[in-house]
Protein chains: 2
Amino acid sequence: MDASLVDGLWAGYDSFCALGLDLDLTRGKPSAEQLDLSEALLSLPGPGIHHDGCGTDIRNYGGLDGLPELRAIFAELLGVPVEQLLALGNASLTLMHDALAYACLWGVPGSPRPWGREPIKFLCPTPGYDRHFALCEAFGIEMIAVPNLPDGPDVEAVAALAVADPDIKGLWVVPTYANPDGSTISEDAARRLAAMPTAAPDFRIFWDNAYFAHHLTAVETPTVNILALAAAAGNPDRPLLFASTSKMTFPGAGVAFFAGSPANATWYRQHLSKQAIGPDKVNQLRHVMFLRDANGVRAHMRRHREILAPKFAAVDRALTERLGAPGSSGATWTRPRGGYFVSLDVLPGTAGRVVELAANAGVALTPAGSTHPYGRDPLDSNIRLAPSMPPLPEVEQAMKVVALCVALAAAEAN
Amino acid sequence: MDASLVDGLWAGYDSFCALGLDLDLTRGKPSAEQLDLSEALLSLPGPGIHHDGCGTDIRNYGGLDGLPELRAIFAELLGVPVEQLLALGNASLTLMHDALAYACLWGVPGSPRPWGREPIKFLCPTPGYDRHFALCEAFGIEMIAVPNLPDGPDVEAVAALAVADPDIKGLWVVPTYANPDGSTISEDAARRLAAMPTAAPDFRIFWDNAYFAHHLTAVETPTVNILALAAAAGNPDRPLLFASTSKMTFPGAGVAFFAGSPANATWYRQHLSKQAIGPDKVNQLRHVMFLRDANGVRAHMRRHREILAPKFAAVDRALTERLGAPGSSGATWTRPRGGYFVSLDVLPGTAGRVVELAANAGVALTPAGSTHPYGRDPLDSNIRLAPSMPPLPEVEQAMKVVALCVALAAAEAN
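Residues numbered from 1 in each chain as written. Chains lettered and ligands numbered in written order. Predicted model: local features only at pLDDT ≥ 70, side-chain atom pairs only at ≥ 80, totals over all residues. Heavy atoms only, no water.

**Regarding the interface of chain B and chain A**
Part 1: Tallying the contact residues gives 55 residues for chain B and 55 residues for chain A.
Part 2: Interface area for chain B against chain A, summed over the two sides, is near 4,300 Å², with a carbon-plus-sulfur share of 55%.
Part 3: Interface area lost by chain B to chain A is led by B:Leu42, B:Arg59 and B:Tyr61, which between them contribute 19%.
Part 4: Across the chain B-chain A interface, the total number found is 4 salt bridges. (Contact = heavy atoms within 4.5 Å. Buried area = accessible area lost by both parts, 1.4 Å probe. Salt bridge = Lys/Arg side-chain N within 4 Å of Asp/Glu carboxyl O.)

The structure is reproduced here in C-alpha cells:
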C-alpha cells in the first residue's frame, strides 16, 4: 500500500483515539430497547393469578416438566412432541452443562459406561460459540475443530471422524443463524448428520437452537426438524435439543427448554428429579400470559427484528464503505439473515492486531480466537462482532473504528 | 390388649374408612393460605422497575453471584460475610446436587482427586431427609446412618467414623428444626463437628439450613454459625451452607443460597461460571422489594407461624388424646419448635402397617422407612408427619385416623 495511504489511515485512527470512545461489541446481549418490548412481564402474572390450566397452584413445589401451556407453545415452535419437551430454568447453557454432567457421571441411553470414565472428544464446528468450548474444557472433553460451512457443519469431515473414532461422543450444532457466522444448516446436511454411522454407540448431537426465531429479514427460515430426521434414520436418540427465551424476553429471567427422543426425555427427567422439585412455574405462567401462543412469539420476534436489523445493516455498511464488498480487499464478513453476530475474517495473521487496535481506540471486541476451540484460531483471522447491545449511533461509530483497524492491520502486515 | 378394646378400634377404623377421606400428610409443602402471604410478589417488581442499587439492568445477562441487595439480607440472617454468599436459582436442592456433581467431577478445595474416582461414603444422621439420601444414591455415595439426637448428629459416632475412614467425605446436617425430628444442633455439637479430625483431607459438612427462620413458637432459635466455628477450628473449608426462601415465599419461585469459606465460594463460583451466566435477577429484585430487609423476613416468618402452629398443635393433640403423652403407650413423637415435620416413632415393627392402614382409610403418609438411608428403617418404627399443607380441619381429621392406626397396628402386633 502506498505510504501516504497508510499515513492517512493512521491519521484517521489517531483522530478516533482522540474521541475517547468507550464502545462495546463483545457480547450478544439484547439492548435496553429490546428488553423494553417485554416490560409487561414485570407486573405479571398479577394479583390472584396463580393457577395453571389444570388448576395446579403454580406457587408451590412440583411440576418437574414445566408448565403445560408453555411447553405447548414451544413444542409447536420447535416442531417436537410436547411430551418430549421440558420447560425449565433461566438458561439453556445450564441445561447443556447438566446434560454433559449427567453423561459424564452416568452416561446417556445407549452408553456402555459413563462418559467420564475415559477420554472423550467432541467435534466443534468452527467458528463456533465460546461457551460451548468452555464446557468442553471444563469437562475435560478434547475438542476437534471441523469447518462450519454456509449450510452447517462440514458433514464430510464430521462423518469421516465420527465413524473412525469411538472416543468421539458428540457434535455441537447451532442449527439456525449460528454463532458467529449466521449459517443455517440445510435439511440435507441435517439428514446426513442424523443418519451417518458413528463409532460411538452413544453419539450425541448437542443441537443448540438458540436463534430459531431470531430472524433479521422477512425470510423466517424454518428450523430443521432434527428429532424427526433422527427418528427416520433409526437414530432417534442422537439429538439433544436446547432452546430458550433468553433473547426473546429477559436474558436473565427467561425460560430454557430441553427436548429429545422419548428415551432422552426420560433420561433427562430422571436425573433432573434428583436435582430439582420443579422449575419456576410463576415465571413460566408470566411467559404464557405475555407471549400467548406460537404466533405471539413470532410477532414479538418481529419487533426485535425492527430494532436489530438496522444495527446489522450499519455493520455491513461501515465495513463496505472502508473495505469494499466482502472479499474484495482481503477481508470478508457475513450478512446474516438472523441471530446475533457478524463473523468477520480479516487478513490472516491480523485478527489479534485488529482487536488490539480497536481496544486502544476505545472499541471492545470479543478476543480474537474466541470463536475457536481452546481460543486458538490457527489463521488468526476470525473476529466475532456483536452489534445488538449498543444504540445504533454507537454501532455506527464503533464499526467505523473497526473497519479502519482492519485496513490498518492489513497495511501493517504488507 | 383386651379383645373388646381391639374390636372397638376396628369399629372406629371402619367408620373412618366409611367417610371416604382423601387427606395427605406426605410432603412439607406450605398451604395456600401461607402462599397468599406473598401474593404481592405476583405483581412485582412492577412497570419500569428493572435496575438494582448499582444501576445494573437486572433484565439482562450477568451477575453470577446474585443481586447484591438480596445477598446482603440473607448474609445478615445467616451470619456469613456477603462476599461468601451467592444468591442463585429456585432450589437449594439444586445447589446441593450441583455441589456434589462438582465434587464428584472435579473435587473440592483440598481434594487429592475428584470424588467420583473412587468409592466414597457420607454420614447420614437418621432420621433424616429423603432427598438428601436420594442424592447420595444418585451419586453412588454409600450412606452410613448415625443417630440424630435432640441436639443434632451424634457427634461421638460421627467423629469416630470420620477419623477412621478416608472414604468418608461428608456429613449431612440440617442444623435448625431438622427434617423430620425438629432437632436443633447445639453450639457445642457444631463446634466439635467443626474441629474433629477427619481421615479425608477434603471432608465436607453439607449444612442444609432449610428451616433457620421457620419458628413455630415465640422462641426464635438462633442459627449456629458453622462458618465461624469451622474457621476458628482451623477447618474453614469444611462446611458448605445451603438455604432458600422456598418455605418463605413461593416454593417453586423462590431464591436459593450457597455460602462457604472464601475458598469454597470461589470454587462454587468457578464451576457455576461454566454452567450459568447469572441467576434470575428480576425474581431476586422482587424478593428484595417484598422482604425489604432481615427484619422484614423475620416479621414475614411470624405470619407463617400463626398459620402453622395450630396445625402442629392439632397433631400433638390428636396423638395425645388417643395414645396418652409421648412415650406412655409405646409410641412417641416430637413437639417441634420449628420446621415442617413431626417425627412419630410407633411400636417397632408397625410403622409400615400404620402407613398401610392410614392409606386404606384415605390418609396418605410418607412411606415408612423414607426417613432412613436406602428407605430402610431397621426398626420399622419411624413415620414423618407433614401437617403444613392441608387446612386445619383436615389435619385434625387426618391425625385422628393416624392416631387410631398407631393404636390398631400396636394392638395387632401384641
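After that view of the structure, there is still more to cover.
**Some points on the packing of aromatic side chains**
Part 1: Applying the stated criterion to the full structure yields 32 aromatic pairs over all chains.
Part 2: Seen from their ring centres, A:Phe206 and A:Phe242 are 5.8 Å apart, and the 15 degrees between their planes marks the pair as stacked. With a gap of 36 residues between them, A:Phe206 in strand β7 (residues 204-208) and A:Phe242 in strand β8 (residues 239-244) connect regions that are remote in the sequence.
Part 3: Owing to a relative accessible area of 1%, A:Phe206 belongs among the buried residues under this scheme.
Part 4: Assessed through its relative accessible area of 1%, A:Phe242 is described here as buried.
Part 5: Between B:Trp115 and B:Phe122, the ring centres sit 5.9 Å apart and the planes meet at 70 degrees, which makes this aromatic pair edge-to-face.
Part 6: In this structure B:Trp115 comes out as buried when scored by relative accessible area, which is 1%.
Part 7: Here the aromatic residues A:Tyr102, A:Trp106, A:Trp115, A:Phe122, A:Trp172, A:Phe206, A:Phe242, A:Phe258, A:Trp267, A:Tyr268 and B:Phe139 are joined through ring pairs into a cluster of three or more.
Part 8: If you follow A:Lys247 out to its NZ or CZ, it ends over the ring of A:Tyr340, 5.4 Å from the centre. (Phe/Tyr/Trp six-rings, centres within 6.5 Å; stacked < 30°, edge-to-face > 60°. Helix = DSSP H or I, 4+ residues; strand = E, 2+ residues; numbered from the N terminus. Buried < 20%, exposed > 50% of the residue type's maximum accessible area, 1.4 Å probe, protein only. Lys NZ or Arg CZ within 6 Å of the ring centre and 35° of its normal.)

**A short note on the side chain of A:Thr371**
Residues and elements named next belong to chain A.
Part 1: Take threonine 371: it is sitting in the loop between β12 (363-364) and β13 (382-385).
Part 2: Classification of threonine 371 by relative accessible area gives buried; the value is 2%.
Part 3: Polar side-chain contacts of threonine 371 include one of 3.1 Å to the side chain of histidine 372.
Part 4: Engagement of the side chain of threonine 371 in a polar contact is seen with the side chain of asparagine 382, the distance being 2.6 Å.
Part 5: For threonine 371, the contacting residues outside a window of four places in its chain are Thr126, Pro127, Gly128, Phe133, Pro180, Asn382 and Arg384. (Polar contact = N/O pair within 3.5 Å; in protein donor to acceptor, adjacent residues only side chain to side chain.)

**Some details on the nonpolar core**
Part 1: A:Leu70, A:Phe74, A:Leu193, A:Trp207, B:Phe74, B:Leu193 and B:Trp207 are the most contacted members of the largest nonpolar core, which totals 114 residues.
Part 2: Ignoring sequence-local partners within four residues, the contact set of A:Leu193 consists of A:Pro153, A:Val155, A:Val158, A:Leu171, A:Val173, A:Ile185, A:Ile205 and A:Arg238.
Part 3: Membership of the second largest hydrophobic core comes to 68 residues, among which are A:Leu64, A:Ala99, B:Cys124 and B:Cys136. (Core = buried A, V, L, I, M, F, W, Y, C linked by side-chain atoms within 4.5 Å.)

**Some thoughts on the pairing of strand β6 (residues 168-173) of chain B**
Residues and elements named next belong to chain B.
Part 1: Among the 6 residues of β6, 6 are classified as buried, and the element is accordingly described as predominantly covered.
Part 2: Both strand β3 (residues 121-126) and β6 contribute to a ladder of 3 bridges, which runs parallel. Paired with lysine 121 across the bridge in β6 is isoleucine 168.
Part 3: In terms of strand pairing, β6 meets strand β7 (residues 204-208) through 4 bridges, oriented parallel. Across the sheet, leucine 171 pairs through a bridge with isoleucine 205, a residue of β7.
Part 4: The handedness of the β6 to β7 crossover, carried by helix α7 (residues 187-195), is right-handed. (Pairing = 2+ DSSP bridges. Right-handed = clockwise from strand over helix to strand, strands pointing away.)

**Things to note about the confidence of the model for chain A**
Part 1: With 100% of its residues at a pLDDT of 70 or more, chain A shows a mean pLDDT of 97.
Part 2: The ipTM assigned to the predicted complex is 0.97, against a pTM of 0.97. (pLDDT = per-residue confidence, 0-100.)

**A few points about the relation of the copies chain B and chain A**
Part 1: In the superposition of chain B on chain A (RMSD 0.1 Å, axial shift 0.0 Å), the rotation amounts to 180 degrees. Read as a symmetry element, the transformation amounts to a two-fold axis. Closest approach to the rotation axis among the C-alpha atoms of chain B is made by B:Ser43, whose C-alpha sits 2.2 Å away.
Part 2: Looking at chain B, 100% of its interface residues are interface residues in chain A too, so the copies touch through the same face. (Least-squares fit on C-alpha atoms with pLDDT ≥ 70 in both.)

**Quick notes on the sheet that holds strand β10 (residues 332-333) of chain B**
Paired through their backbone hydrogen bonds, the strands of a sheet run either parallel or antiparallel.
All names here are of chain B.
Part 1: In spatial order, the strands read β10-β11-β13; together these 3 strands make up an open sheet with antiparallel pairing. Each of the sheet's edge strands pairs with one partner strand only, and the pair in question is β10 and β13 (382-385).
Part 2: Sheet topology places strand β11 (residues 342-345) next to β13; 4 bridges connect them, and they run antiparallel. By the bridge assignment, aspartate 345 is partnered in β13 with asparagine 382.

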